[in-house]
Amino acid sequence: MHVHIRYMAALRDRLGEGETTLDLPPDVSDSETLIAHLTASDAAAAALAAPEIRLIRNDRIVTRPSALEDGDRLAFCPPFTGG
Amino acid sequence: MMPKILVTADPLDPPALVAALTGTDPDDGAVASFVGQVRAEPGLQTLELEHYPGVTETALAELRELAMSRWSLSQAIIHHRVGRMAVGETIVVVAASAPHRRAALEAVGFLIDRLKTEAPFWKRVHTAGGSHWVTARDSDAAASQYWRDQIAQEDA
């Protein structure tokens, strides 16, 4: 399964890359197993597991955990601070 | 025609938005508005607003639709600026018109409190020495949760 991942705002600075496309192993099936997979190669990705981190999947704000499918476009978001 | 939802890098014009809702419908007894602007802080040179294009507009439109039906509004407008702004510049304008003041005032409160936590915007402060992201405030989360609870109660 391939997914495209973006890190927004402060997460982009923290994780050192704006976006990436990953080929995922079969045991990655949802947002939380994805975070665990990311954390295995970069300890800083553990920050994504915090409950306040929001997920946008294919241009929709979704609740975590969210199931993933091949071709998903994901964006991990720190808490919103508009207005 | 004033767009109901707008996310723009261009400066906003709060009086024009309020004017667009004022005196247009004989059934309206009230127009309420909120204007958010860049506040001076030590070291702040500009405030930058980043967003997630497409998702932001959808999130604002959904909040607007909820307010329109919940408070039986005549009109509601949400305009939000993105990009870099100087102290005193307008970040956001929310305006609502309704037959009675309570509906207009509550709807504006709902819209600004909810959009702060439910639309994908992020603030970044630029100073002479660099920049830092603004962290979410507990008080903003509490204000947003207040409306969530209100709606859950009334729907129950």
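Above: the structure in question.
First, a word on what this report is: a plain description of the structure on this page. (Residues numbered from 1 in each chain as written. Chains lettered and ligands numbered in written order. Predicted model: local features only at pLDDT ≥ 70, side-chain atom pairs only at ≥ 80, totals over all residues.)

1. Brief notes about the overall build of chain B
- On a plain count of helices and strands, chain B comes out with four helices and eight strands.
- For 156 residues, the compact-globule estimate of 2.2 N^0.38 gives 15 Å, and the C-alpha radius of gyration of chain B, at 16 Å, lies within 12% of that figure.
- If you line up chain B on its principal axes, its C-alpha atoms span 55 × 35 × 30 Å.
- When the 156 residues of chain B are sorted by exposure, 35% land in the buried category.
- By sequence separation, contacts in chain B at least 24 residues apart represent 77% of the contacts at least 6 residues apart. (Helix = DSSP H or I, 4+ residues; strand = E, 2+ residues; numbered from the N terminus. Rg over C-alpha atoms; globule rule 2.2 N^0.38 Å. Buried ≥ 20, exposed ≤ 12 C-beta atoms within 10 Å, placed from the backbone. Contact = placed C-beta atoms within 7 Å.)

2. Quick word on the sheet that holds strand 3 (residues 54-57) of chain A
Residues and elements named next belong to chain A.
- The strand order across the open sheet formed by five strands is 2-1-5-3-4, and the pairing between neighbours is mixed. Strand pairing shows two members of the sheet lacking a second neighbour, strand 2 (19-23) and strand 4 (60-62), which therefore form its edges. The average angle at which neighbouring strand axes cross in this sheet is 30°, direction not considered.
- Note: strand 1 (residues 2-7) against strand 2, five bridges, orientation antiparallel. (Pairing = 2+ DSSP bridges. Axes fitted to C-alpha atoms, helices over the stretch in contact; angles between N-to-C directions.)

3. With respect to the sheet that holds strand 7 (residues 121-127) of chain B
Residue and element names in this part refer to chain B.
- Taken in spatial order, the four strands make up an open sheet running 5-3-7-8, and their pairing is antiparallel. Sheet topology places strand 5 (83-85) and strand 8 (130-133) at the edges, where each strand pairs with a single neighbour. Here the strands of the sheet are splayed against their neighbours by 25° on average, with no regard to which way each runs.
- As defined by bridge partners, strand 3 (residues 46-51) adjoins strand 5 across three bridges and the pair is classed as antiparallel.

4. Describing the interface of chain B and chain A
- The partner chain A presents 14 residues to the 23 residues of chain B that form the contact.
- Sorting the residues of the side of chain B that touches chain A by element identifies strand 3, helix 2 (55-70), strand 6 (90-98), helix 3 (101-118) and strand 7 of chain B as the ones contributing at least two each.
- Broken down by element, the side of chain B that touches chain A gets its largest block of residues, five residues, from helix 3 of chain B.

5. Some points on the packing of helix 2 of chain B against helix 3 of chain B
Residues and elements named next belong to chain B.
- It is at 10 Å that the axes of helix 2 and helix 3 come closest, and there the two elements cross at 155°. With respect to each other, helix 2 and helix 3 are oriented roughly antiparallel. With respect to the hand of their crossing, helix 2 and helix 3 are arranged in right-handed fashion. Of helix 3, the residues touching helix 2 (which contributes Ala59, Leu60, Leu63 and Ala67) are Ala107, Phe110, Leu111, Arg114, Leu115 and Glu118.
- The residue makeup of the contact of helix 2 with helix 3, split by class, is eight nonpolar, no polar and two charged. (Parallel < 35°, antiparallel > 145°, perpendicular 65-115°, else oblique. Left-handed = near helix turned anticlockwise from the far one by under 90°. Nonpolar A, V, L, I, M, F, W, Y, C, P; charged D, E, K, R; others polar.)

6. As for the pairing of strand 3 of chain B
All names here are of chain B.
- Residues Leu47, Leu49 and His51 of strand 3 are buried on one face, while the alternating residues Thr46, Glu48 and Glu50, pointing to the opposite face, are not.
- Of the strand pairs in this sheet, strand 3 and strand 7 are connected by six bridges, and their pairing is antiparallel. Bridging from a neighbouring strand, Glu48 pairs with Arg124 of strand 7.

7. Considerations on unusual backbone geometry
Residue and element names in this part refer to chain A.
- A cis amide bond links Arg64 to the next residue, Pro65, at an omega of -5°.
- Checked against the element boundaries, Pro65 lands in the loop between strand 4 and strand 5 (73-77).
- Of note in this structure, Asp59 is not a glycine but carries a positive phi near 65°.
- As for its position among the elements, Asp59 is in the loop between strand 3 and strand 4.
- Take Asp59: there are 12 C-beta atoms within 10 Å of it, and that puts it in the exposed class.

Note that every value here comes from positions in space, so none of it alone points to a role or purpose.
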